[in-house]
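Listed here are the chains, written in short residue letters.
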Amino acid sequence: MLAGPPGSGSPMHKDPWVYSSWNASLVGSKRWILFPPDIPRVVLHPPQQGIVGSFFTALGLPGYRSAADFMDEVLPTLREGGLGHVEVLQCPGEVVAFPAGWWHAVVNLDATIAVTESFGEPCNLEAIVRTLSEGNLKAFAEVLLAENRQSLESRIGSSGPVA
């Protein structure tokens, strides 16, 4: 469950570990911007100028902006680029869902309460395991593989064991 005041939200990002996600707004409206997975990070996070840009660059976050700043400062230029983005106004009682790997930012237009979940889809299992392993979560990857070994083997046939 998430709750936030007007103007709060999440900056442009991809959900970790190749998860898909959904968000159901119970109270309040949200503005979502989504971009396809193949858009390079640098396009969505262009460097900021001035002291604010220098500060975030020093922190290792060049181009960081809040979701509201992204929509005001970066989105107008990106709209002209035909990058395949999607803009959604989510009202109470509506659900926004998106597949793994999609960039997204959201701004709460009102005080909001929402329920959200990220989940791994079987079709992304190999990528999820690889991402977990690369992110120092190898123990979780091994549990996931063990729990899904039979499913994986049935998908690839009897061509051999699953690593």
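Here, every reference points to the structure presented above.
Below, the structure is looked at part by part. (Residues numbered from 1 in each chain as written. Predicted model: local features only at pLDDT ≥ 70, side-chain atom pairs only at ≥ 80, totals over all residues. Heavy atoms only, no water.)

What about the packing of aromatic side chains?
For step 1, the next point in the chain: The tally for this structure, following the rule as stated, stands at 2 aromatic pairs.
For step 2, the next point in the chain: Centroid distance Trp32 to Phe98: 5.8 Å. Interplanar angle 55 degrees. Geometry classified as tilted. With a gap of 66 residues between them, Trp32 in strand E4 (residues 30–35) and Phe98 in strand E6 (residues 95–98) connect regions that are remote in the sequence.
For step 3, the next point in the chain: Look at Phe98 and you get buried, because its relative accessible area is 7%. (Phe/Tyr/Trp six-rings, centres within 6.5 Å; stacked < 30°, edge-to-face > 60°. Helix = DSSP H or I, 4+ residues; strand = E, 2+ residues; numbered from the N terminus. Buried < 20%, exposed > 50% of the residue type's maximum accessible area, 1.4 Å probe, protein only.)

Some points on the pairing of E4
For step 1, the next point in the chain: For E4, a buried count of 5 out of 6 residues is recorded, marking the element as mostly surrounded by other parts of the structure.
For step 2, the next point in the chain: One ladder, built from 5 bridges, connects E4 with strand E5 (residues 86–90); its direction is antiparallel. Looking across to E5, one finds that Leu34 is bridged to Val86.
For step 3, the next point in the chain: Note: E4 against strand E7 (residues 103–108), 6 bridges, orientation antiparallel. Looking at the pairing, Leu34 lines up with His104 of E7. (Pairing = 2+ DSSP bridges.)

As for the sheet that holds E4
For step 1, the next point in the chain: Spatially, the 4 strands line up as an open sheet ordered E2-E7-E4-E5, and their pairing is antiparallel. Two strands bound the open sheet, and with one partner strand each, they are strand E2 (9–13) and E5. Between one strand and the next, the sheet's axes are offset by a mean angle of 15 degrees, whatever the strand orientation.
For step 2, the next point in the chain: By the bridge criterion, 3 bridges tie E2 to E7 in an arrangement that is antiparallel. Bridging from a neighbouring strand, Gly9 pairs with Val107 of E7.
For step 3, the next point in the chain: Along the sheet face, helix H3 (residues 67–79) touches E2, E4, E5 and E7 and points at about 45 degrees away from the line of E4. (Axes fitted to C-alpha atoms, helices over the stretch in contact; angles between N-to-C directions. Contact = heavy atoms within 4.5 Å.)

Structural notes on H3
For step 1, the next point in the chain: Taking 1.5 Å as the rise per residue, H3 with 13 residues should run 18 Å; its terminal C-alpha atoms sit only 16 Å apart, a clear shortfall.
For step 2, the next point in the chain: At Glu73, H3 shows its strongest bend, of approximately 40 degrees, with the proline Pro76 following within four residues.
For step 3, the next point in the chain: Within the span of H3, buried status applies to Ala67, Phe70, Met71, Val74, Leu75 and Leu78.
For step 4, the next point in the chain: Structurally, H3 contributes buried residues whose contacts are with E2, E4, helix H1 (41–44), E5 and E7. (Expected span 1.5 Å × (residues − 1). Bend = angle between axes of the 7 residues up to and from the residue.)

Some words on the sheet that holds strand E8 (residues 112–119)
For step 1, the next point in the chain: Spatially, E1-E8-E3-E6 is the arrangement adopted by the 4 strands of the open sheet, whose pairing is antiparallel. Whereas interior strands pair on both sides, the edge strands pair on one side only; in this sheet they are strand E1 (2–4) and E6. Across the sheet, the axes of successive neighbouring strands diverge by a mean angle of 20 degrees, strand direction being ignored.
For step 2, the next point in the chain: Bridge count for strand E3 (residues 20–27) against E6 is 4 bridges, and the pairing is antiparallel. By the bridge assignment for E6, Ala24 is matched with Val95.

Focus on the nonpolar core
For step 1, the next point in the chain: Residues Met12, Ile33, Phe35, Leu44, Phe70 and Met71 are the most contacted members of the largest nonpolar core, which totals 14 residues.
For step 2, the next point in the chain: If you list the elements that add at least two residues to this core, you get E4, H3 and E7.
For step 3, the next point in the chain: Top contributing element to this core by residue count: H3, with 6 residues.
For step 4, the next point in the chain: Once residues lying within four places of it in the same chain are set aside, the contact partners of Ile33 are Met12, Phe70, Met71, Leu75, His85, Val86, Glu87, Trp103, His104 and Ala105. (Core = buried A, V, L, I, M, F, W, Y, C linked by side-chain atoms within 4.5 Å.)

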